[in-house]
Amino acid sequence: MRTLIYEHRSGLKVVPRDIVSDVKKILWDINPILSKRTVASIKESVRERLEKEGWTGEYRLDSSSRITISSYLKGIGMCFQTGNVGRIYADLLKLQTLYTKGNITAGIILIPQIKTAKELGSNMANYERLIRELPIFSQVITMPIVVIGFDGTEGE
């Protein structure tokens, strides 16, 4: 899948270059058939490949809660969002909480670009909306973030 990169608060200076490259390669190597029924298999394929690169599975925000982010590696928290647009704000809040507590130094968000989001479902979170709205929250989301938008649709 093709990718686009956006950084919030100098995310590319904080997230190690090799980590960004590895994640992009994982996405690049996946060539899914896009439909509402394939979201789970796409997430599972990415999760398996991330774990081979040393990422954890789900990572808890706190031992007293079942709230999690998708993965964690070397001080970087990751959220992989393929759900309703409202869920991306929960991901931002979870990453910011881990950052404020000193558990992570930066975050990565994997999110479909708008064309792919439309293929995968309705009212799905998408890269274009997130990068448009993230600067609005710069006084609240103070952590460095790298947003990786992926596109698995055929070119026009």
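Residues numbered from 1 in each chain as written. Predicted model: local features only at pLDDT ≥ 70, side-chain atom pairs only at ≥ 80, totals over all residues. Heavy atoms only, no water.

S.K.: Give a description of the overall build of the protein chain that names residues and reports values.
M.R.: Helices and strands together make up the secondary structure of the protein chain, namely six helices and seven strands. Scaling as 2.2 N^0.38, a compact globule of 156 residues should have a C-alpha radius of gyration of about 15 Å, and the protein chain matches this with 14 Å. Counting only C-alpha atoms, the protein chain reaches 40 × 35 × 30 Å along its principal axes. A total of 156 residues make up the protein chain; the buried ones form 48% of that total. Restricting to contacts in the protein chain with at least 6 residues of sequence separation, those with at least 24 account for 69%. Of the roughly 8200 Å² that the protein chain leaves accessible, carbon and sulfur atoms contribute 50%. Here the protein chain contributes 22 positively and 17 negatively charged side chains, and the mean placements of these two sets differ by 4 Å. (Helix = DSSP H or I, 4+ residues; strand = E, 2+ residues; numbered from the N terminus. Rg over C-alpha atoms; globule rule 2.2 N^0.38 Å. Buried < 20%, exposed > 50% of the residue type's maximum accessible area, 1.4 Å probe, protein only. Contact = heavy atoms within 4.5 Å. Areas by Shrake-Rupley, 256 points an atom, 1.4 Å probe, with all protein chains shown as cover. Lys, Arg positive; Asp, Glu negative; His and termini not counted. Charge placed at Lys NZ, Arg CZ, Asp CG, Glu CD.)

S.K.: Summarise a nonpolar patch on the surface; cite the residues concerned and give the values.
M.R.: A cluster of nonpolar side chains, contributed by Ile136, Phe137 and Val140, occupies part of the molecular surface with about 300 Å² of accessible area. Using a relative accessible area of 33% as the deciding quantity, one classes Phe137 as partly exposed. (Patch = residues over 30% accessible without salt bridge, like charges linked within 9 Å, V, L, I, M, F, W, Y side chains within 5 Å. Salt bridge = Lys/Arg side-chain N within 4 Å of Asp/Glu carboxyl O.)

S.K.: Please set out the packing of aromatic side chains residue by residue, giving values where relevant.
M.R.: Two descriptors summarise a pair of aromatic rings, namely the distance from one centre to the other and the angle between the planes of the rings. Tallying each qualifying case throughout the model produces three aromatic pairs. Measuring from centroid to centroid gives 6.0 Å for Tyr89 and Phe137, while their planes differ by 65°, and the two rings are edge-to-face. Here Phe137 lies in the loop between helix H6 (127-133) and strand E7 (145-151) and Tyr89 lies in helix H4 (residues 87-100), a separation of 48 residues in the sequence. On the basis of relative accessibility, which here comes to 29%, the residue Tyr89 falls in the partly exposed class. Directly above the ring of Phe80 sits Lys43, whose terminal nitrogen or CZ lies 5.6 Å from the centroid. (Phe/Tyr/Trp six-rings, centres within 6.5 Å; stacked < 30°, edge-to-face > 60°. Lys NZ or Arg CZ within 6 Å of the ring centre and 35° of its normal.)

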